[in-house]
Amino acid sequence: MIEAVGLTKRYGDKTAVYNLSFQVRPGAVTGFLGPNGSGKSTTMRMILGLDNPTAGTVTIGGYPYRRLPNAPRQVGALLDAKAVHGGRSARNHLLCLAQLSGIPARRVDEVLGVVGLQGVAKKRSKGFSLGMGQRLGIAAALLGDPQVLLFDEPVNGLDPEGILWVRNLMKALAAEGRTVFVSSHLMSEMALTADHLIVIGRGQLLADMSVTDFISANSADFARVRTPDAEPQLREKLTAALTEAGGHVLPEQDGALRVTGLPLPRISDLAHEADVRLWELSPHQASLEEAYMRMTQGAVDYRSTTDQKAGLMQPLPPGAQPPVPVPGQGQPGWYAPPPPQQGGQPFAPPQGPPQGAPGQPAAGPYGAPGAGAPNPYGAPAAGGPGAGGPNPYAQAAPPSAPAEPTSAAEPTSAADSTKPEDAR
Amino acid sequence: MSTPQSPMPQAAPTWQAAPGSAFPSYTSPIPVVRTHLGHALASEWTKIKSVRSTMWTLGVFVLLVIGIGLLTGAVVVNSSADLSGNENPLALGFFGLLLGSICVMTLGVLTTASEYGTGMIRTTMTACPSRGRVLAAKAIVFFLVAFTVSLVSTALVALAQTAMLDGTHARQPTGAEWFKATVGVSLYMALLGLLSLVIGSVLRHSAGAITIMIGVVLAPLVIALFMFARSLEKVRQALFEYSIPNQLSVFYSNSLSQSGPSGWDPLWIILGTTAVAFAGAWALLQKRDV
């Protein structure tokens, strides 16, 4: 149990964290989200007693970290995979940490096995890849077999097998009754791993709720309705009928209608009464990424702008068209489009996963990396976005989207994937 | 247990409403021991012996002390200049040790500052939140290592030099002189290294701390060289006398001047300086963010 009360940290006149109060409960994976520079790492450092809070307190199991008896046996942390002396071998690095808290040396070999670094235990960590460094950091966190675990961006640089392993590891640790507090920027990963979310922006608490609550509280769920393309008068008719019934209707660029405020059966009934045929009537629920983007829009400190290259651009040759900007570049207020689908079949049955059934990869046995489970990443990769197409970048497709359960369950229109949805 | 001040109270999940004490908990099968300085010492010993910089700096130190010691011995034996009079043959070890001090200081700085440079300090301080214990363990381990290595190399070079100069007119050193030129000077070396370790802990920057320490050793002599003004004569004299090379030479009873520190004075000076610096570093370590 981690408990922060009124936690505040100022560096000079910059306030990194302001009046942050939250609890992290045992037995669940708690995700810690926020834009870059929002104070996540500062908060983690204050939890670990590395930085002293300007005001407020943070305790673990009732004690401030620096007063915990044998702290590493109660709290394990991965703060920064680079926080090792590169000249020391992986085993010696872990050994010196083990000795510091009186952990028997054989535990070092155990955790090296757990993270899969036995083969390079004697190698200097300077030569480690980012993923190997991350594994070493996770090994250090697991060393004391602690009750509370903190991970700052644990999947950075890991390979797909490693990401799956970390995901299962987090869940397994939480299932054992431990407190697991994970920060990450990978929303698809958080959607699969975390049970609970703490979201901060500009150092202040934005949300402290379960993942499902977070998604529904921060996204407008809507129904997408499509009438026959060739008969625009049907669309007008349906729009009028729906508006009359109290619905809110927004036209989409490709002719579909986005309806809020009416349940799906009601829309169907209204269409039937108005004598309008429907080509599509589908529910749309936002992904965690979308909900997160929506919530943190106002709290983003570091936002990219369009690369102007003012005065540096060659004049376009006569007749050439300037390139169409990719959505999301330097457009304030933009947030992620819903997960894209394989185009061309807006009537895919909602119950069947559209991509050759990758299923939910989280079903593997906890804590056992790759134990007999077929590689869940193989299937989506085969039919991935733009496979064999002339321009794989034409579709703004997040590569991990096919593995996301929400996108697998609720197909949406492919046409949406390339345009911003700030019309909502 | 107070409930979190959630800005969105409608979103309280079901499990948060669970009774306060009914949380699941996990107990490790590995026995939890009470940690003390001994654990930190074992850890620091593992650390210092598992990086190459230790081997390099100490290797170069031994090489400099013994190599230059033997070289000066050979030069003196083969030259016409004789060490008649009251010359102490052990004094020939001085030059090697003066150069070797740079290695000891470098190792001292690296013991603390390299942890800041690599970020390892965050891992260390997470694994041992008693920061003072870490600093104390580092200091003890480093001091013992530096002292042992200095003692072995100064003793070796002293034995070799007295043996080489046996045929010349140099006198046999007394027991007290032997003690000062081996144990005394090794203590001084180890303390000088310890001061560097402390400076490294305060500055948290390897290159900066090494530069400062080399400056501390060399600057007084260099500055004194250019103090021509008569009004500065006293300052100049003090700078000469209390410069670290001169203090070091006191152990070989051939000070540059007749006044100034003598006997075991240099040891007390460096001991006091290091103790004050250590206290400062300790206080800073407790107060500062890692």
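Only a predicted model underlies this, so the values are computations on that prediction, with no experimental measurement involved.

### Quick notes on the overall build of chain B
Scanning chain B for helices and strands turns up 10 helices and 0 strands. Counting all 290 residues of chain B, 46% fall into the buried class. Partitioning the intrachain contacts of chain B with sequence separation of at least 6 by distance along the chain shows that 78% fall at a separation of at least 24. When the accessible area of chain B is evaluated, it comes to approximately 13600 Å², of which 70% is carbon and sulfur surface.

### A few points about the nonpolar core
Among soluble globular proteins, nonpolar side chains are generally buried collectively. Residues and elements named next belong to chain A. Within the largest apolar cluster, 139 residues are counted, with the highest numbers of intra-cluster contacts made by Ile2, Ile138, Leu150, Phe151, Phe181 and Phe214. The residues touching Ile2, leaving out its near neighbours within four places in the chain, are Phe22, Gln23, Val24, Ile47, Val58, Thr59, Ile60, Val148, Leu150, Thr179 and Phe181. One finds Ala223, Val259, Ile267 and Ala274 within the second-largest nonpolar core, a separate group that totals 15 residues.

### Some details on helix 2 (residues 90-100) of chain A
Counting buried positions over the 11 residues of helix 2 of chain A gives 8, a clear majority of the element. Buried residues of helix 2 of chain A: Ala90, His93, Leu94, Leu95, Cys96, Leu97, Ala98 and Leu100 of chain A, and no others. Those residues of helix 2 of chain A that are buried lie in contact with helix 3 (106-115) and helix 4 (130-142) of chain A together with helix 1 (37-49) and helix 4 (120-127) of chain B. Positive backbone phi, at 65°, marks Gly102 of chain A, one or two positions downstream of helix 2 of chain A.

### What to know about the pairing of strand 2 (residues 14-24) of chain A
On a regular strand, each side chain points to the face opposite its neighbour's, so the side chains alternate between the two faces of the sheet. Residue and element names in this part refer to chain A. In the sheet, strand 1 (residues 2-11) pairs with strand 2 via 7 bridges, with the strands oriented antiparallel. In the sheet register, Leu7 faces strand 2, and the bridge partner there is Leu20. Between strand 1 and strand 2, which pair antiparallel in sequence order, lie 2 residues; one of them, Gly12, sits at a positive phi of approximately 65°.

### Focus on the sheet that holds strand 6 (residues 148-152) of chain A
All names here are of chain A. In spatial order, the strands read 5-6-7-3-8-9; together these 6 strands make up an open sheet with mixed pairing. Only two strands of the sheet have a single neighbouring strand rather than two, namely strand 5 (75-78) and strand 9 (204-210). In this sheet, adjacent strand axes meet at a mean angle of 15° when their direction is disregarded. Relative to strand 7 (residues 179-183), strand 3 (residues 28-33) runs parallel, the two sharing 5 bridges. Its bridge partner being in strand 7, Thr30 is matched across the sheet by Phe181.

### Concerning helix 4 of chain B
Where burial is concerned, most of helix 4 of chain B is hidden: 7 out of the 8 residues are buried. Here helix 4 of chain B has its buried residues at Met120, Ile121, Thr123, Thr124, Met125, Thr126 and Ala127 of chain B. Buried-residue contacts for helix 4 of chain B involve strand 5 and helix 2 of chain A together with helix 1, helix 3 (94-118), helix 5 (131-164) and helix 10 (265-287) of chain B.

### A closer look at the UniProt feature "transmembrane region" (unreviewed entry) in chain B
Cross-referencing UniProt, the feature "transmembrane region" (unreviewed entry) maps to residues 55-77, 89-113, 134-158, 178-200, 207-229 and 267-285 of chain B in the present numbering. Between the end C-alpha atoms of residues 178-200 of chain B there is a gap of 32 Å, over a span that is 100% helix and 0% strand.

### A word on the interface of chain A and chain B
Much of the literature gives interface size as the accessible area that the parts lose upon coming together. Taken residue by residue, the interface counts 58 residues in chain A and 50 residues in chain B. Of the roughly 4800 Å² buried at the junction of chain A and chain B (both faces included), carbon and sulfur atoms supply 57%. Lys9 of chain A is the salt-bridge partner of Asp289 of chain B, the closest N and O atoms lying 2.6 Å from each other. Secondary-structure elements contributing two or more residues to the side of chain A that touches chain B are strand 1, strand 2, helix 2 and strand 9 of chain A. Here the side of chain A that touches chain B gets 7 residues from one element, more than from any other, and that element is helix 2 of chain A. Across the side of chain A that touches chain B, the residue classes tally to 22 nonpolar, 19 polar and 17 charged.

### Focus: the pattern of salt bridges
Residue and element names in this part refer to chain A. All told, the structure shown has 20 salt bridges over all chains when counted by the stated rule. Put simply, Glu252 and Arg258 hold a salt bridge, and the shortest N to O gap is 2.8 Å. Taking the relative accessible area as the measure of exposure, Arg258 reaches 6% and is therefore buried.

### A closer look at unusual backbone geometry
As a rule of thumb, non-glycine residues mostly have phi less than zero, and peptide bonds are mostly trans rather than cis. At Asn19 of chain A, a position not held by glycine, the phi torsion is positive, near 50°. Exposure remark for Asn19 of chain A: the relative accessible area of 41% places this residue in the partly exposed category. Its identity as a non-glycine residue notwithstanding, Arg204 of chain B has a phi of 60°, on the positive side. Its place among the elements puts Arg204 of chain B in the loop between helix 6 (175-203) and helix 7 (206-225).

### Some thoughts on the side chain of Glu252 of chain A
Residues and elements named next belong to chain A. Note on placement: Glu252 falls in the loop between strand 11 (248-251) and strand 12 (257-260). For Glu252, a relative accessible area of 8% puts it in the buried group. In this structure the side chain of Glu252 is engaged in a polar contact, spanning 2.9 Å, whose partner is the side chain of Arg224.

### What to know about the sheet that holds strand 2 of chain A
Residues and elements named next belong to chain A. In space, the 3 strands of this open sheet follow the order 2-1-4, with antiparallel pairing throughout. Whereas interior strands pair on both sides, the edge strands pair on one side only; in this sheet they are strand 2 and strand 4 (55-60). Neighbour to neighbour, the strand axes of the sheet diverge by 20° on average, direction disregarded. Where helix 1 (residues 40-47) meets the sheet, its contacts fall on strand 1, strand 2 and strand 4, and the angle it forms with strand 1 comes to roughly 115°.

### Things to note about the pairing of strand 3 of chain A
Within strand 3 of chain A, 6 of the 6 residues are buried, which leaves the element mostly enclosed by the surrounding structure. Side chains of strand 3 of chain A alternate between two faces, with Ala28, Thr30 and Phe32 of chain A and Val29, Gly31 and Leu33 of chain A buried alike.

### Some points on the packing of helix 3 of chain B against helix 5 of chain B
Residue and element names in this part refer to chain B. Direction vectors running N to C along helix 3 and helix 5 enclose 160°, while the axes themselves pass 11 Å from each other. Our classification of the angle between helix 3 and helix 5 gives roughly antiparallel. The way helix 3 lies across helix 5 gives a crossing that is right-handed. Contact residues: Leu97, Val104, Leu107, Gly108, Thr111, Thr112 and Glu115 in helix 3; Leu135, Lys138, Phe142, Ala146 and Thr154 in helix 5.

### Topic: the confidence of the model for chain B
Residues and elements named next belong to chain B. Here chain B shows a mean pLDDT of 86. Residues at 70 or above account for 87%. Here residues 1-21 is modelled with pLDDT under 50, and outside its nearest four sequence neighbours on either side it reaches 30 contacts, counting other chains as well. Note on the complex model: pTM 0.76, ipTM 0.85.

### Let's talk about the packing of aromatic side chains
All told, the structure shown has 11 aromatic pairs over all chains when counted by the stated rule. Residues Phe143 of chain B and Phe147 of chain B carry aromatic rings whose centres are separated by 6.3 Å and whose planes lie at 0° to one another, so their mutual orientation is stacked. Residue Phe143 of chain B and its partner Phe147 of chain B are located together in helix 5, separated by 4 residues, close to a single helical turn. Cluster of aromatic residues (ring-pair linked, three or more members): Phe179, Tyr188, Phe251 and Trp264 of chain B. Sitting over the ring of Tyr26 of chain B, Arg178 of chain A keeps its end group 3.6 Å from the ring centre. Of note, Arg258 of chain A hangs over the ring of Phe222 of chain A, and the distance from its end group to the ring centre comes to 4.4 Å.

Scoring rules and cut-offs
- Residues numbered from 1 in each chain as written.
- Chains lettered and ligands numbered in written order.
- Predicted model: local features only at pLDDT ≥ 70, side-chain atom pairs only at ≥ 80, totals over all residues.
- Heavy atoms only, no water.
- Helix = DSSP H or I, 4+ residues; strand = E, 2+ residues; numbered from the N terminus.
- Buried < 20%, exposed > 50% of the residue type's maximum accessible area, 1.4 Å probe, protein only.
- Contact = heavy atoms within 4.5 Å.
- Areas by Shrake-Rupley, 256 points an atom, 1.4 Å probe, with all protein chains shown as cover.
- Core = buried A, V, L, I, M, F, W, Y, C linked by side-chain atoms within 4.5 Å.
- Pairing = 2+ DSSP bridges.
- Axes fitted to C-alpha atoms, helices over the stretch in contact; angles between N-to-C directions.
- UniProt positions renumbered as here; feature names shortened; annotations may be inferred.
- Buried area = accessible area lost by both parts, 1.4 Å probe.
- Salt bridge = Lys/Arg side-chain N within 4 Å of Asp/Glu carboxyl O.
- Nonpolar A, V, L, I, M, F, W, Y, C, P; charged D, E, K, R; others polar.
- Polar contact = N/O pair within 3.5 Å; in protein donor to acceptor, adjacent residues only side chain to side chain.
- Parallel < 35°, antiparallel > 145°, perpendicular 65-115°, else oblique.
- Left-handed = near helix turned anticlockwise from the far one by under 90°.
- pLDDT = per-residue confidence, 0-100.
- Phe/Tyr/Trp six-rings, centres within 6.5 Å; stacked < 30°, edge-to-face > 60°.
- Lys NZ or Arg CZ within 6 Å of the ring centre and 35° of its normal.

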